[in-house]
Amino acid sequence: MDRLAVEGGAPLFGKVRVSGAKNAALPLMAASILADGPLDLTNVPSLGDLKTMARLLTLMGGAVRASFRGDEGAGPEECLIDMRGLSVPEARHELVKTMRASALVLGPLLARHGRAVVSLPGGCAIGVRPIDMHLKALKEMGADFDISGGDIIARAPAGGLRGAAVNFPTVTVTGTENVMMAAALARGETVISNAAREPEVVDTGRALCAMGARIEGLGTGEIAVHGVPSLSGARYAVMSDRIEAGTLMAAVALAGGKVTLQGAPLASMAAVRDKFGEAGLYMSYEGDDLYLESPGGRLEAVNLVTMPHPGFPTDMQAQFMAAMCLASGVSIVTETIFENRFMHVAELRRLGADITLEGRSAVVKGVRHLSGAPLTASDLRASAGLLLAALAARGRSVVSRVYHLDRGYDRLDRKLNLLGARITREKE
Ligand code: EPZ
């Protein structure tokens, strides 16, 4: 296992290109199951979860061509996926336990092959994270399920899935994606009410349309999908990652400096831009380049409540909290999406942060400085928050279990070092 040793105190300067979005590439890779031809994805980031998805599709009998280079080489990946050879419509536990998003193959397998065996995703550090809403919606489309030995045994009716009026009691991102992909090949029309409006859902829908699907309402709370008999392959560029861009914004807010994010998805990150602007981070835009400049002194403490899109994304909560640890004043950070997404609080305290938990809120009292310490990552975005805080802490910090970070970022440590950070990757 790797760990990251950080010498804090170095401001960041220069330009860095934002990678493709993990949470768009994952459903897009699953969508290849639906196609009667190869799906050619470009601007694919090289990161752990996508390598896991590639392995899952290959184990199903698909052909996946992507170099997913290691640390060498730069620039985005191209990922060519041909699932016409699919022979094993199954996602087994040993893979699903490492990546819950494997459940995204359920809808496509039911729609294209009429059956699926998918290991019931377990919980993770940030919460129980059931998929009951996915199953209920697919059941309304005619699917039936048995749970046996920890696996979901799923079958579509003989004539295939049928369109349905689906309503999600709470917004679910991958639930919306699973149903949208299943509905693309279902008989008749499916209307998804209280649909997720996340940009990655929109990107998935756009790719499906490029494959021949008929979808309306993307980006709104009501998505209508008119089933078609088949979908073709396509070539599609994955949108850039608004969470990586936001993470780099938080890095500049904490470490200071002047950085240009190239290819930032500005239209997808209004809530994040607004919050960092309110805190005093200077921003200007030219095309899809976002110029950032820290105020030099302390940021202003601002309150935060995570919400489904277009609200402030929960995937940026840990990173924003890290930035508030050094702000002037008190910030109340409230997490409304997941029940246990404050695992980073205890670790931030080890750096000297002053944070108290009150139910679903964390009260962050800004301190003058943080001091380096050994830190342990617990989940993907917590590990990003800890790394950013270490950039601003005085002295040396070591963040262990960075496999969490490598699952969801395309060599974030390397990008930060290119901007002047002092991070060394070591073997634990
Ligand atoms: C997606 O997860 C993202 N993952 C998450 O990003 C992100 O945090 C989350 O959406 C919220 O934006 C991918 O897109 C691969 P949900 P997802 O279904 O779809 C509850 C990251 O860091 N729920 O929108 O699993 C659930 O427990 C990851 O990149 C049910 O109760 O999240 C949660 O409390 C972490 N039953 C809430 O809804 C269900 O059937 C929202 O979850 C489904 C969800």
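One can find the structure itself at the top, above this paragraph.
Rules of the game
Residues numbered from 1 in each chain as written. Predicted model: local features only at pLDDT ≥ 70, side-chain atom pairs only at ≥ 80, totals over all residues. Heavy atoms only, no water. Helix = DSSP H or I, 4+ residues; strand = E, 2+ residues; numbered from the N terminus. Rg over C-alpha atoms; globule rule 2.2 N^0.38 Å. Buried < 20%, exposed > 50% of the residue type's maximum accessible area, 1.4 Å probe, protein only. Contact = heavy atoms within 4.5 Å. Areas by Shrake-Rupley, 256 points an atom, 1.4 Å probe, with all protein chains shown as cover. Lys, Arg positive; Asp, Glu negative; His and termini not counted. Charge placed at Lys NZ, Arg CZ, Asp CG, Glu CD. Polar contact = N/O pair within 3.5 Å; in protein donor to acceptor, adjacent residues only side chain to side chain. Near = heavy atom within 4 Å. Phe/Tyr/Trp six-rings, centres within 6.5 Å; stacked < 30°, edge-to-face > 60°.

Student: Can you walk me through the overall build of the protein in this structure?
Tutor: Helices and strands together make up the secondary structure of the protein, namely 14 helices and 24 strands. For 428 residues, the compact-globule estimate of 2.2 N^0.38 gives 22 Å, and the protein sits close to it at 21 Å. In terms of its C-alpha atoms, the protein occupies a principal-axis envelope of roughly 65 × 45 × 45 Å. Within the protein, buried positions represent 59% of all 428 residues. The contacts of the protein with a sequence gap of at least 6 include a subset with a gap of at least 24, amounting to 74%. Looking at the protein as shown, the accessible area adds up to about 15800 Å², and 51% of this sits on carbon and sulfur atoms. Here the protein holds 46 positive side-chain charges and 45 negative ones, and the gap between their average locations is 2 Å.

Student: I'm lost on the environment of Glu347 in this one. Help?
Tutor: Tracing the sequence through the fold places Glu347 in helix 11 (residues 343-350). Take Glu347: its relative accessible area is 14%, and that puts it in the buried class. Once the C-alpha coordinates of Glu347 and Asp2 are considered, the two residues, 345 residues apart in sequence, prove to be 18 Å apart. The residues contacting Glu347, other than those within four sequence positions of it, are Pro374, Leu375, Thr376 and Leu386. At a separation of 2.7 Å, a polar atom in the side chain of Glu347 contacts the main-chain amide nitrogen of Thr376.

Student: Help me out: how do you make sense of the site of the ligand in this one?
Tutor: Looking at the ligand, there are 22 residues lining it, with Asp132, Thr172, Thr174, Asp315 and Ile337 nearest. A distance of 2.7 Å separates an oxygen atom of the ligand from a polar atom in the backbone of Met133. A distance of 3.4 Å is found between an oxygen atom of the ligand and a side-chain nitrogen or oxygen belonging to Arg341. Computed on the free molecule, the ligand has an accessible area of 820 Å², of which 87% lies beneath the protein chains in the complex. For the shell around the ligand, the elements supplying multiple residues, two or more each, are helix 1 (22-31), helix 5 (132-140), helix 6 (173-184) and helix 12 (380-392).

Student: Is there a simple way to explain the packing of aromatic side chains in this structure?
Tutor: Aromatic rings considered in pairs are described by the distance between their centres and by the relative angle of their planes. In the structure shown here, the tally under the stated rule is three aromatic pairs. On the numbers, 5.1 Å between centres and 70° between planes, the contact of Phe276 with Phe320 is edge-to-face. With Phe276 in helix 9 (residues 270-278) and Phe320 in helix 10 (residues 317-324), this pair connects stretches of sequence that are 44 residues apart. Across the pair, Phe320 and Phe276 agree in class, each one buried. An angle of 70° between the planes, with centres 5.6 Å apart, marks the rings of Phe312 and Phe320 as edge-to-face.

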